[in-house]
Amino acid sequence: MPPGISRLPDVGWMLRPLTGIPGVRHAVVLTDDGLRLGHGSAARLHGVVPELERAEAESLSAACAALTITTRSAVGLFLGPRAGVRQLMVESDHGFVLFTSTGLGAQLAVATDHSADVAEVAEQMQIVVAHIAAELSGYLRPPEGPPS
């Protein structure tokens, strides 16, 4: 690794409170530009994606970043360039995916099935995001806002 560049920490271990909530399937922490910072899956999952492997989590991180960038663009067009996006929720035929920003150039994405208490998941995400932000504060900087 070139001098002056530090490796970002893997914060996947911080996702256990989320992956322990009934109905939560997977969680991924990623930078706003799509680099995986950590991931986790609930224990004893069945179905199409029983556990996220690292390669899948890395691809998923890139896809999540693209989705949130597109969302920010749409929100800016609807509400003005200073309107930030704090949370995003996508409903599918199989459940929900929730996104929350850490405010430090990173975000948390959590996938649930329909049995999950989405309010409980969103509340726990806020707690986990605060811990992640504290862990990453020496590594990442808040994204620059739109020009004045």
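What counts as what
- Residues numbered from 1 in each chain as written.
- Predicted model: local features only at pLDDT ≥ 70, side-chain atom pairs only at ≥ 80, totals over all residues.
- Heavy atoms only, no water.
- Helix = DSSP H or I, 4+ residues; strand = E, 2+ residues; numbered from the N terminus.
- Buried < 20%, exposed > 50% of the residue type's maximum accessible area, 1.4 Å probe, protein only.
- Contact = heavy atoms within 4.5 Å.
- Areas by Shrake-Rupley, 256 points an atom, 1.4 Å probe, with all protein chains shown as cover.
- Pairing = 2+ DSSP bridges.
- Axes fitted to C-alpha atoms, helices over the stretch in contact; angles between N-to-C directions.
- Core = buried A, V, L, I, M, F, W, Y, C linked by side-chain atoms within 4.5 Å.
- pLDDT = per-residue confidence, 0-100.

For the protein chain, the name recorded in an unreviewed UniProt entry is Roadblock/LC7 domain-containing protein, with Streptomyces polyrhachis as its organism.

A. Structural view of the overall build of the protein chain. Of regular secondary structure, the protein chain possesses 3 helices and 5 strands. Its helices and strands taken in sequence order, the protein chain reads α-β-β-α-β-β-β-α from the N to the C terminus. Counting every position in the protein chain, which comprises 148 residues, the buried fraction comes to 43%. In the protein chain, 57% of the contacts between residues at least 6 apart in sequence involve partners at least 24 apart. Accessible area of the protein chain: about 8,800 Å², with a carbon and sulfur share of 57%.

B. Fine view of the sheet that holds strand β4 (residues 95-101). With antiparallel pairing, the 5 strands of this open sheet are ordered in space as β2-β1-β5-β4-β3. This sheet does not close on itself; its edge strands, each paired only once, are β2 (36-41) and β3 (87-92). The mean inter-strand angle of the sheet, taken between neighbouring strand axes irrespective of direction, is 10°. Bridge analysis of strand β1 (residues 24-31) against β2 gives 5 bridges, and the strand direction is antiparallel. Bridge assignment links Val-29 to a residue of β2, and that residue is Gly-38. Helix α2 (residues 54-79) contacts β1, β2, β3, β4 and β5 (106-113) of the sheet and is inclined by roughly 70° relative to β1. Along the sheet, helix α3 (residues 118-136) contacts β1, β2, β3, β4 and β5; its crossing angle with β4, the most-contacted strand, is approximately 35°.

C. Spotlight on the nonpolar core. Within the largest apolar cluster, 23 residues are counted, with the highest numbers of intra-cluster contacts made by Leu-15, Leu-18, Leu-108, Val-110 and Val-121. Looking at this core, the elements with two or more residues in it are β1, β4, β5 and α3. Looking at this core element by element, the count peaks at 8 residues for α3. Apart from the residues within four sequence positions on either side, Val-110 is in contact with Leu-18, Val-24, His-26, Ala-27, Phe-96, Val-97, Leu-98, Val-121 and Met-125. Listed in part, the 8 residues of the second largest apolar core include Val-28, Cys-64, Ala-65 and Ala-109.

D. Geometry of the pairing of β2. The element β2 is extensively covered by neighbouring structure, given that 5 of its 6 residues are classed as buried. Adjacent in sequence and paired antiparallel, β1 and β2 are bridged by 4 residues, among which Gly-34 carries a positive phi angle near 100°.

E. Examining the confidence of the model for the protein chain more closely. Residues with a pLDDT of 70 or more make up 90% of the protein chain, whose mean pLDDT is 89. When the criterion is pLDDT under 50, residues 1-5 qualifies, and its contacts beyond four places in sequence or with other chains add up to 2 contacts.

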